[in-house]
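# Structural characterization, general
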Protein chains: 2
Amino acid sequence: MTANPVKIGIVGLGRWAKVLTRAAAKSEKIRIVAAFSRSEEKRTAFERATGVQTVPDLQAMLSNREIAGAILTVPNEQHLPVAAAVAKARKHVYTEKPIASTLEEGLEIAALEKKYGITVTVGHSARLMGGIRKMREAIDRGDLGRVAFIEANFSNERALELTPKTWRWYKDRAPGGPLSQLAIHQFDVLHYLGGEIVEASSIASKLSPVGAEVDDQSMTLLKFADGKVGYVGSCWTSPGVFAVRVFGSQGLM
Amino acid sequence: MTANPVKIGIVGLGRWAKVLTRAAAKSEKIRIVAAFSRSEEKRTAFERATGVQTVPDLQAMLSNREIAGAILTVPNEQHLPVAAAVAKARKHVYTEKPIASTLEEGLEIAALEKKYGITVTVGHSARLMGGIRKMREAIDRGDLGRVAFIEANFSNERALELTPKTWRWYKDRAPGGPLSQLAIHQFDVLHYLGGEIVEASSIASKLSPVGAEVDDQSMTLLKFADGKVGYVGSCWTSPGVFAVRVFGSQGLM
């Protein structure tokens, strides 16, 4: 048992913040001690659901010297301003994926590490899954021979549940639809399993009947530095799938 | 029991001719009564393996008035000249996939139907598989709701077995490698399940160590006329896979 768990805050108190807070409660290494949302309604609901105390403004969290870092589950376009505020207070940043909606903002967030001497971590959790780690071990051991081909899919029907009240409805706030919401996990998995990616091309389509601005289908082809090829698909209007297949000359997983 | 099975010939006596001839022997509807290859060695081996009598030249088969048509299992670049000879003799043509290596040759073969009043059939057998037909039935019944996304893969390790003696070694004779040898089955399956295709883009790679001219990895994205998207992958250096997944708003198969 760790005597001194790292104390952290969480910013943005929607559905995912509750999932992470419940998971953190099982860890002996970290403890979430403060939570912030601009919405009083969300603060109240979060306190009731998790028992974690909320603070009425971000500064109240950032001025707490006990807190070492913050988890960001705010909408994507707020990643940069909130991460910058957290980093400026010399606290570490953990932000949900995607790091940002544009390359420029992503690079600005990454640059916070050097500028303030803190660590930025992006929530690419899929590579931590047991099955993915087994694939990586098999590749590293050479069990699959020469890997030439990787396919992945992450799909669910959330596009059918979108409403104009959710930020994922809007093209400028969730560009690419399932590309930035789901497929991005598999891009990280393919990078983890296959190394550097040198080419990418995509097609997308909008077929959901609900009327959201965003595309709801996404298929991407990738080429790795060593010539391997990769595919990531994400259908946002169908029952859930999470699948990865690695094709090697000596085996298939 | 059919009293009068249709009598046919087979041209090109490699591995696949034996598979088809064994399958035909179980049918009461057709009977293979003559077989031709330019290679005497292949003719002898085929007679021994199947018991079907061979003929020393194609005309001997085509002048046989009992024979209604011919199965072509010759290399792709011979599809057009052999199909033209068979059609000119007013006999039906069944040719293995792909119909040809170029669009022009494919259209010339298709035009034989009108020109000579015969039927040309291309061996896209995958759509006849039980699982594929179940998918089509489920789509037609509406069980899957709105279909938005189809993924397919057909892979095997034959690229590792290529030698300069086989026509599939050469770029001009088997363009695209697994694209024209394997993926083509899935293009037909996706067309069968999803309708007209209006856009296609591919990536390919050559990773097999044997030195063949052809690519051995192929990934293609497709867009259907109604906005659906499709993917077909084919890895030619890995253990076998034949997989099709249809994503609908009400179900997944």
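Residues numbered from 1 in each chain as written. Chains lettered and ligands numbered in written order. Predicted model: local features only at pLDDT ≥ 70, side-chain atom pairs only at ≥ 80, totals over all residues. Heavy atoms only, no water.

## As for the overall build of chain A
- The number of helices and strands found in chain A is seven helices and 10 strands.
- Taking 2.2 N^0.38 as the reference for a compact globule, 253 residues should give roughly 18 Å; the C-alpha atoms of chain A span a radius of gyration of 19 Å, in line with that estimate.
- In terms of its C-alpha atoms, chain A occupies a principal-axis envelope of roughly 55 × 45 × 35 Å.
- Out of the 253 residues in chain A, the part that is buried amounts to 49%.
- Here the analysis covers contacts within chain A between residues at least 6 apart in sequence; of these, 67% occur between residues at least 24 apart.
- Accessible area of chain A: about 12,200 Å², with a carbon and sulfur share of 52%. (Helix = DSSP H or I, 4+ residues; strand = E, 2+ residues; numbered from the N terminus. Rg over C-alpha atoms; globule rule 2.2 N^0.38 Å. Buried < 20%, exposed > 50% of the residue type's maximum accessible area, 1.4 Å probe, protein only. Contact = heavy atoms within 4.5 Å. Areas by Shrake-Rupley, 256 points an atom, 1.4 Å probe, with all protein chains shown as cover.)

## Some thoughts on the packing of aromatic side chains
Residues and elements named next belong to chain B.
- The tally for this structure, following the rule as stated, stands at five aromatic pairs over all chains.
- Their ring planes at 75° and their centres at 4.8 Å tell us that Phe149 and Phe247 sit as a pair that is edge-to-face. Separated by 98 residues along the polypeptide, Phe149 in strand β6 (residues 147-155) and Phe247 in strand β10 (residues 241-248) bring together distant segments of the chain. Side by side, Phe149 and Phe247 carry an identical accessibility label, which is buried.
- Ring centres 5.2 Å apart and planes at 70° place the aromatic pair Phe154 and Phe242 in the edge-to-face group. (Phe/Tyr/Trp six-rings, centres within 6.5 Å; stacked < 30°, edge-to-face > 60°.)

## With respect to the domain arrangement of chain A
Residues and elements named next belong to chain A.
- The domains assigned to chain A are domain 1 (6-123) and domain 2 (126-248).
- Each of domain 1 and domain 2 has a C-alpha centre, and the two are 25 Å apart.
- Of the residues lining the interface, eight residues belong to domain 1; the matching set on domain 2 comes to eight residues.
- A combined buried area of about 720 Å² lies between domain 1 and domain 2, and 50% of that area is made up of carbon and sulfur atoms.
- Where domain 1 touches domain 2, the interface holds one salt bridge.
- With its nearest N and O atoms 2.7 Å apart, the salt bridge here joins Arg173 to Glu77.
- At the junction of domain 1 and domain 2, the tally comes to two residue pairs in polar contact (both at pLDDT 80 or more). (Domains from an automatic or database assignment. Buried area = accessible area lost by both parts, 1.4 Å probe. Salt bridge = Lys/Arg side-chain N within 4 Å of Asp/Glu carboxyl O. Polar contact = N/O pair within 3.5 Å; in protein donor to acceptor, adjacent residues only side chain to side chain.)

## Re the UniProt feature "domain: GFO/IDH/MocA-like oxidoreductase" (unreviewed entry) in chain A
- Look at the UniProt record and you will see "domain: GFO/IDH/MocA-like oxidoreductase" (unreviewed entry) annotated at residues 132-251 of chain A.
- With 22% helix and 34% strand, the stretch residues 132-251 of chain A has end C-alpha atoms that lie 15 Å from each other. (UniProt positions renumbered as here; feature names shortened; annotations may be inferred.)

## Description of the UniProt feature "domain: Gfo/Idh/MocA-like oxidoreductase N-terminal" (unreviewed entry) in chain A
- When the UniProt feature table is mapped onto this chain numbering, "domain: Gfo/Idh/MocA-like oxidoreductase N-terminal" (unreviewed entry) sits at residues 6-124 of chain A.
- Secondary structure content for residues 6-124 of chain A is 42% helix and 20% strand, while the C-alpha to C-alpha distance between its ends is 21 Å.

## A look at the sheet that holds strand β1 (residues 6-11) of chain B
Residue and element names in this part refer to chain B.
- Reading across the sheet, the five strands line up as β2-β1-β3-β4-β5 and stay open at both edges, with parallel pairing between neighbours. If you trace the sheet from one side to the other, it starts and ends with β2 (30-36) and β5 (120-122), each paired once. Taken over all neighbouring pairs, the strand axes of this sheet differ in orientation by 25° on average, direction set aside.
- The pairing of strand β4 (residues 92-95) with β5 spans three bridges and is classified as parallel. The residue bridging Val93 from the neighbouring strand is Val120, located in β5.
- Across the sheet, helix α1 (residues 15-24) lies against β1, β2 and β3 (69-72), angled at about 150° from β2, the strand it touches most. (Pairing = 2+ DSSP bridges. Axes fitted to C-alpha atoms, helices over the stretch in contact; angles between N-to-C directions.)

## A word on the relation of the copies chain A and chain B
- Least-squares fitting of chain A to chain B yields an RMSD of 0.0 Å, with the transformation described by 0.0 Å of translation along the axis and a rotation of 180°. A rotation of that kind, with that shift, is consistent with a two-fold axis. Across chain A, the smallest distance between a C-alpha and the rotation axis is recorded for Leu221 of chain A, namely 4.0 Å.
- Both copies contact each other with a shared surface, as 100% of the interface residues of chain A are interface residues in chain B too. (Least-squares fit on C-alpha atoms with pLDDT ≥ 70 in both.)

## Observations regarding the pattern of salt bridges
All names here are of chain A.
- The final tally for this structure, using the stated rule, is 16 salt bridges over all chains.
- A salt bridge links Asp188 to Arg127, with the shortest nitrogen-to-oxygen separation between them at 2.8 Å. Here Asp188, found in helix α7 (residues 178-194), pairs with Arg127, found in the loop between β5 (120-122) and α6 (130-141); they are 61 residues apart in sequence, far enough to count as distant.
- On the accessibility criterion, Asp188 (10% relative accessible area) is buried.
- Across the pair Asp143 and Arg141 runs a salt bridge whose closest N-O atoms are separated by 2.8 Å.

## Re the side chain of Ser155 of chain B
- Along the chain, Ser155 of chain B falls in strand β6.
- A distance of 2.6 Å separates polar atoms of two side chains, one belonging to Ser155 of chain B and the other to Asn153 of chain B.
- At 2.9 Å, the side chain of Ser155 of chain B and the backbone nitrogen of Cys235 of chain B are in polar contact.
- For Ser155 of chain B, the residues in contact, after removing those within four places along its chain, are Phe247 of chain A together with Leu182, Ser234, Cys235, Ser238, Pro239, Gly240 and Val241 of chain B.

## Quick look at the interface of chain A and chain B
- At the junction of the two partners, chain A supplies 42 residues and chain B supplies 42 residues.
- Taking both partners together, chain A and chain B bury about 3,000 Å²; carbon and sulfur atoms supply 71% of that area.
- Scanning the region where chain A abuts chain B turns up zero salt bridges.
- Where the side of chain A that touches chain B is concerned, the elements lending two or more residues are β6 (147-155), β7 (197-205), β8 (217-224), β9 (229-235) and β10 (241-248) of chain A.
- Residue contributions to the side of chain A that touches chain B peak at seven residues, all from β8 of chain A.
- Across the side of chain A that touches chain B, the residue classes tally to 18 nonpolar, 18 polar and six charged. (Nonpolar A, V, L, I, M, F, W, Y, C, P; charged D, E, K, R; others polar.)

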